[in-house]
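# Commentary on secondary and tertiary structure
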Amino acid sequence: MKRIIITGGAGLVGSECCKLFAMQDWKVISIDNFARKKLLGADTSENAKILEKDFGVETINMDFSDEKMIPYVKKADAIIHNAAQVSHPKSVEIPLKDFTINTAKTLILFEYVRRYNKNIPFVFSSTNKTYGEAPNYYAYKTVGKRFEPVDTQIWNGFDEKTRTDSIMHTPFGVSKLSADMYAQEYARLYGLKTGIFRMGCITGGMSKASEYQNWIPFFIKKALTGELLKVYGYKGYQVRDIIHAKDLATLYYQFINSSDIDKIAGEVYNVGGGRRNSISVLETIDLIEEITDKRINYELAPERDADHKWWITDTGKIRDAFPSWGITIGLKEIFKDIHQSLEGK
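First, a word on scope: everything that follows refers to the structure included in this document.

A count of helices and strands for the chain gives 13 helices and 14 strands. Its C-alpha atoms give the chain a radius of gyration of 19 Å, within 12% of the compact-globule value 20 Å for 345 residues. Within the chain, buried positions represent 59% of all 345 residues. Pairs at least 24 apart in sequence give 84% of the contacts found in the chain among residues at least 6 apart. Total accessible area computed for the chain in this model is approximately 14,900 Å², and 48% of it derives from carbon and sulfur atoms.

This is the structure we're talking about:
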């Protein structure tokens with residue numbers, strides 16, 4: 001039986017990866033120290049219990065940079081590295097901790113793989129925050145309840161050539177970009193089989209939302225409780241594209257099982273819901289009110305540092321590399337999944 005290590009296995013993406021690989025008869029080892037509860041006030045331990053009970057996932061409460069990881073790395077047939085400090089507004093408050101988790105400890109994990117098992121596929125979960133505020137240097141116009149670009153060349157989104165220099169990122173964007181570059185370098189210099197996936201708004205029913213990260217479940221929570229919601233910046237016209245974590249897990253599975261792994265090692269891919277799964281904050285509020293049959297009480301607040309006015313992912317490169325992969329879960333289905341999950345608690 002093949003063995004896979006999934007760091008941050010109790011988190012949103014990690015949980016869906018654990019379930020998928022377990023259903024494909026892999027031995028799944030989830031490494032998670034549940035730091036999200038302390039950092040963001042969102043407890044993922046319930047996910048770990050579900051994964052163990054229903055899918056036979058072995059959860060180990062451990063920091064992924066601990067030397068105790070080495071025996072697991074030696075025996076692994078693949079690794080998916082999801083564990084991170086995941087909030088860019090929180091990173092402004094804790095820049096040193098953010099760097100330690102996202103860059104320094106990730107580099108240690110790369111070293112474990114380089115020294116002890118360098119030929120296995122290694123998925124690195126990066127972020128579109130590596131592009132910082134570059135999208136904000138374009139002009140946008142208001143169309144209905146959303147922004148749309150004036151420059152039609154970016155109508156289908158931003159690709160991997162989007163600039164990363166001379167712009168604000170927040171510490172989160174910097175720390176993830178640094179680790180992203182290490183993932184590329186370890187492929188080119190040392191021959192690791194890394195795949196770098198720069199993703200934006202990943203969500204789903206397994207998410208444990210907070211105001212700092214994973215905004216759609218947080219908005220739905222506010223609808224269900226009737227509490228006041230703060231909408232940060234741009235009067236709610238800002239746009240994001242949404243991808244369900246199940247679709248992302250499927251992409252990771254295809255990368256790990258690719259017959260072209262040697263050719264695509266070290267490649268960077270933007271991955272998201274694309275234009276079809278794009279939505280503004282104001283449109284989000286409308287859709288949540290439709291699904292929940294509840295009104296959201298919200299107020300406008302100042303924008304956050306380096307927050308995107310408009311982000312849609314150009315998925316051209318990822319579709320060329322993995323032609324059988326695509327978005328299978330649409331916006332309304334994603335929102336219903338989250339709503340059903342939250343209502344059941």
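Let's pick the thread back up.
This part takes up the pairing of strand β5 (residues 121–127). With 7 of 7 residues buried, β5 is to be regarded as a mostly interior element. Judged from the 3 bridges that link them, strand β4 (residues 78–81) and β5 form a sheet pairing that is parallel. Within β5, the position partnered with His-81 by the bridge is Phe-124. Sheet topology places β5 next to strand β8 (residues 193–199); 7 bridges connect them, and they run parallel. Within β8, the residue paired with Val-123 across the bridge is Gly-195.

On to the layout of surface pockets, then. Roughly 150 Å³ of internal volume is contained in the second largest pocket. Lining the second largest pocket are Ala-134, Tyr-137, Tyr-138, Ile-154, Gly-157, Phe-158, Asp-159, Lys-161, Thr-162, Arg-163 and Asp-314. When the residues that make up the lining of the second largest pocket are grouped by side-chain class, the tally is 5 nonpolar, 2 polar and 4 charged.

For the rest of this paragraph, the subject is unusual backbone geometry. Positioned with a positive phi, Asp-25 is a non-glycine residue whose angle comes to about 70°. Within the secondary structure, Asp-25 is located in the loop between α1 (12–23) and β2 (27–31). Under the relative-accessibility criterion, Asp-25 is labelled exposed at 58%. Its identity is not glycine, yet Ser-166 carries a phi of approximately 55°, on the positive side. Within the secondary structure layout, Ser-166 lies in the loop between β7 (146–149) and α7 (170–190). For Ser-166, a relative accessible area of 70% gives the class exposed.

Time to look at the nonpolar core. Counting residues in each nonpolar core, the largest one holds 36 residues, and the members touching the most others are Ile-4, Val-28, Ile-80, Phe-197, Leu-248, Tyr-252 and Ile-256. Put simply, the parts of the chain that give this core at least two residues each are β1 (3–7), α1, β4, β8, α9 (245–256), α10 (261–264) and β12 (267–271). Excluding anything up to four places from it in sequence, Val-28 contacts Ile-4, Ile-6, Cys-18, Phe-21, Ala-22, Val-57 and Glu-58. Of all hydrophobic cores here, the second largest spans 25 residues; its members include Ile-29, Ile-31, Ile-60 and Val-113.

Moving on: the packing of aromatic side chains. Going through the model one piece at a time under the given rule, you end up with 18 aromatic pairs. Between Phe-110 and Phe-122, the aromatic rings sit 5.2 Å apart at their centres with planes inclined by 50°, giving tilted as the arrangement. You can see Phe-110 sitting in helix α6 (residues 95–116) and its partner Phe-122 sitting in strand β5, a full 12 residues away along the chain. In terms of burial, Phe-110 and Phe-122 fall into one category: buried. The ring of Tyr-190 carries the charged tip of Arg-114 above its face, separated from the ring centre by 4.6 Å. The lysine or arginine in question, Arg-163, covers the ring of Tyr-137, its NZ or CZ lying 4.7 Å from the ring centre.

Reading the values: the criteria
Residues numbered from 1 in each chain as written. Predicted model: local features only at pLDDT ≥ 70, side-chain atom pairs only at ≥ 80, totals over all residues. Heavy atoms only, no water. Helix = DSSP H or I, 4+ residues; strand = E, 2+ residues; numbered from the N terminus. Rg over C-alpha atoms; globule rule 2.2 N^0.38 Å. Buried < 20%, exposed > 50% of the residue type's maximum accessible area, 1.4 Å probe, protein only. Contact = heavy atoms within 4.5 Å. Areas by Shrake-Rupley, 256 points an atom, 1.4 Å probe, with all protein chains shown as cover. Pairing = 2+ DSSP bridges. 1 Å grid on protein atoms, 1.4 Å probe; cavity = no way out; pocket = protein on both sides within 12 Å on 5 of 7 lines; lining within 4 Å. Points joined across faces, edges and corners; volume = space filled by probe spheres on them. Nonpolar A, V, L, I, M, F, W, Y, C, P; charged D, E, K, R; others polar. Core = buried A, V, L, I, M, F, W, Y, C linked by side-chain atoms within 4.5 Å. Phe/Tyr/Trp six-rings, centres within 6.5 Å; stacked < 30°, edge-to-face > 60°. Lys NZ or Arg CZ within 6 Å of the ring centre and 35° of its normal.

By themselves, these figures tell us nothing about what the structure is for.
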